[in-house]
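So the chains spell out like this:
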Amino acid sequence: MINLISPSKIFKWIERLMNFINSIFFVVLIIGLTFALLISPPDYLQGDSVRIMYVHVPSAWISLASFTCIAILSILTFLLKIKNLNLISKSVAPLGLLFTFLAIVTGSLWGKPTWGTWWAWDARLTSMVVLLMFYVMYILSLKLIKDEDKANQVSALIAIVGLINIPIIKFSVDWWSTLHQPQSINILNGSSSIHSSMLFPLILMLLVLLLYCALIFLMKYKTEIIRIKKKNVKRL
Amino acid sequence: MIEKLIYMNGYGLFVWLSFAISFFACALVYYKTYKTLKKYEKAFAKDLHKLSESQRKKVLEKSKVANQVFASYNKSI
């Protein structure tokens with residue numbers, strides 16, 4: 001199993017996967033944008049501002065999923081001492097930061113016409129800012145600490161501590177009386193209060209962003225593998 | 001039709017700005033990631049070039065990663 005995730009084994013698949021994603025990405029993007037901006041109907045309460053949700057919601061999901069993934073990989077790294085898991089975490093982190101930033105910015109752009117304010121120190125919004133800070137700390141610890149082993153340990157610790165924030169973000173709308181509306185989709189039991197005419201574009205845009213994430217992740221992961229091999233070129 | 005698409009009943013500015021910011025942020029990250037990957041590929045291939053013929057042959061036989069990077073770099077130049 002451990003051998004299966006060795007960089008050398010994975011490397012030959014990276015190029016093929018990248019080519020496959022590149023070949024379908026623009027088709028899926030155009031279909032997704034057509035549904036999100038043209039075909040899907042305006043909401044009876046939010047009007048056309050609901051279209052912002054087609055970027056905001058998938059971004060928020062990806063930001064939470066990325067951090068959970070990093071934290072779980074960090075715990076596994078501590079327990080199993082597999083260095084390759086660190087490479088995966090490092091490659092996921094910039095994506096998490098990007099989508100947390102996008103979730104906050106697009107949420108703010110939705111908040112102005114809907115709530116009448118760009119920002120409120122609401123539980124969900126504040127916990128998302130905390131998540132952004134954890135991402136920044138995680139990436140900075142990897143960049144600023146020169147000793148690689150120490151950098152990996154510190155960043156893993158940040159990820160594990162930051163994991164506490166994930167259920168806070170998820171359940172903040174249930175635990176506190178917040179400006180942010182409660183969840184419309186429950187992934188755990190598969191229920192949704194969103195009409196299919198809006199759910200379909202949402203899923204399509206999620207697919208677009210997931211394909212983009214896969215592409216960036218593969219490029220980052222490939223860079224990390226080459227960086228390590230380059231360091232030990234004479235010992236290969 | 002086009003006017004309706006642009007103005008979106010007064011929400012156009014917010015909707016288009018959201019999509020534009022997302023698009024540019026994603027494009028920027030893609031560009032930076034791609035540039036970094038190419039930079040490392042080039043530097044690694046150069047390091048392999050610097051090795052003696054026999055050393056390079058040994059490395060390319062042993063390491064699949066080195067082999068692929070070296071091959072794709074030679075193809076691109």
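What counts, and where the lines are drawn
Residues numbered from 1 in each chain as written. Chains lettered and ligands numbered in written order. Predicted model: local features only at pLDDT ≥ 70, side-chain atom pairs only at ≥ 80, totals over all residues. Heavy atoms only, no water. Axes fitted to C-alpha atoms, helices over the stretch in contact; angles between N-to-C directions. Helix = DSSP H or I, 4+ residues; strand = E, 2+ residues; numbered from the N terminus. Parallel < 35°, antiparallel > 145°, perpendicular 65-115°, else oblique. Contact = heavy atoms within 4.5 Å. Nonpolar A, V, L, I, M, F, W, Y, C, P; charged D, E, K, R; others polar. Buried < 20%, exposed > 50% of the residue type's maximum accessible area, 1.4 Å probe, protein only. Patch = residues over 30% accessible without salt bridge, like charges linked within 9 Å, V, L, I, M, F, W, Y side chains within 5 Å. Areas by Shrake-Rupley, 256 points an atom, 1.4 Å probe, with all protein chains shown as cover. Salt bridge = Lys/Arg side-chain N within 4 Å of Asp/Glu carboxyl O. Phe/Tyr/Trp six-rings, centres within 6.5 Å; stacked < 30°, edge-to-face > 60°. Lys NZ or Arg CZ within 6 Å of the ring centre and 35° of its normal.

Novice: How should the packing of helix α3 (residues 83–115) of chain A against helix α2 (residues 12–50) of chain B be read in this particular structure?
Specialist: Geometrically, a packed helix pair is captured by the angle between its two axes and the distance between the axes. Two elements in contact, α3(A) and α2(B), have axes separated by 9 Å at closest approach and are oriented at 170°. The angle between α3(A) and α2(B) places the two elements in the roughly antiparallel class. Residues A:Leu98, A:Phe99, A:Leu102, A:Val105, A:Thr106, A:Leu109, A:Lys112 and A:Pro113 of α3(A) pack against B:Phe14, B:Leu17, B:Ser18, B:Ile21, B:Ser22, B:Ala25, B:Cys26 and B:Val29 of α2(B). The residue makeup of the contact of α3(A) with α2(B), split by class, is 12 nonpolar, 3 polar and 1 charged.

Novice: Just checking my understanding: could you explain the side chain of A:His180 for this structure?
Specialist: All names here are of chain A. Summarising the element assignment, His 180 is placed in the loop between α6 (165–175) and β1 (185–186). For His 180, a relative accessible area of 17% corresponds to the buried category. With residues up to four places along the chain from it excluded, the contact list for His 180 reads His 56, Trp 115, Asp 122, Arg 124, Leu 125 and Val 173.

Novice: Would you mind going over a nonpolar patch on the surface with me for this structure?
Specialist: Residues and elements named next belong to chain A. On the surface, Ile 72, Ile 75, Leu 76, Phe 78, Leu 79, Leu 80, Leu 157, Val 161, Ile 164, Ile 168, Trp 175 and Trp 176 cluster together into a nonpolar patch covering about 1200 Å² of accessible area. Elements with a contribution of two residues or more to the nonpolar patch: α2 (53–80), α5 (148–162) and α6. Of all the elements, α2 adds the most residues to the nonpolar patch, at 6 residues. Looking at where Leu 76 falls in the secondary structure, it is placed in helix α2. The partly exposed category is assigned to Leu 76, whose relative accessible area is 31%.

Novice: Teacher, can you tell me more about the interface of chain B and chain A here?
Specialist: Where interface size is quoted, it is often the accessible area lost as the parts come together. In this complex, chain B contributes 36 residues to the contact, which on the side of chain A involves 42 residues. Here chain B is connected to chain A by 2 salt bridges. Among the ionic pairs, B:Glu41 bridges to A:Lys222, the shortest N-O distance being 3.1 Å. When contributions to the side of chain B that touches chain A are tallied by element, the ones reaching two or more residues are α2, α3 (53–62) and α4 (64–76) of chain B. When its residues are assigned to classes, the side of chain B that touches chain A shows 25 nonpolar, 7 polar and 4 charged.

Novice: Looking at this model, I keep getting lost on the packing of aromatic side chains. Mind explaining?
Specialist: Two aromatic rings, taken as a pair, are described by how far apart their centres are and by the angle between their planes. Residues and elements named next belong to chain A. All told, the structure shown has 13 aromatic pairs over all chains when counted by the stated rule. On the basis of an interplanar angle of 85° and a centroid distance of 5.5 Å, the ring pair of Phe 25 and Phe 26 is categorised as edge-to-face. Overall, Phe 25 belongs to the buried group, its relative accessible area being 12%. These aromatic residues form a ring-pair network of at least three members: Phe 67, Phe 134 and Tyr 135. Stacked on the ring of Phe 171, the Lys or Arg Lys 170 has its end atom at 5.1 Å from the ring centre.

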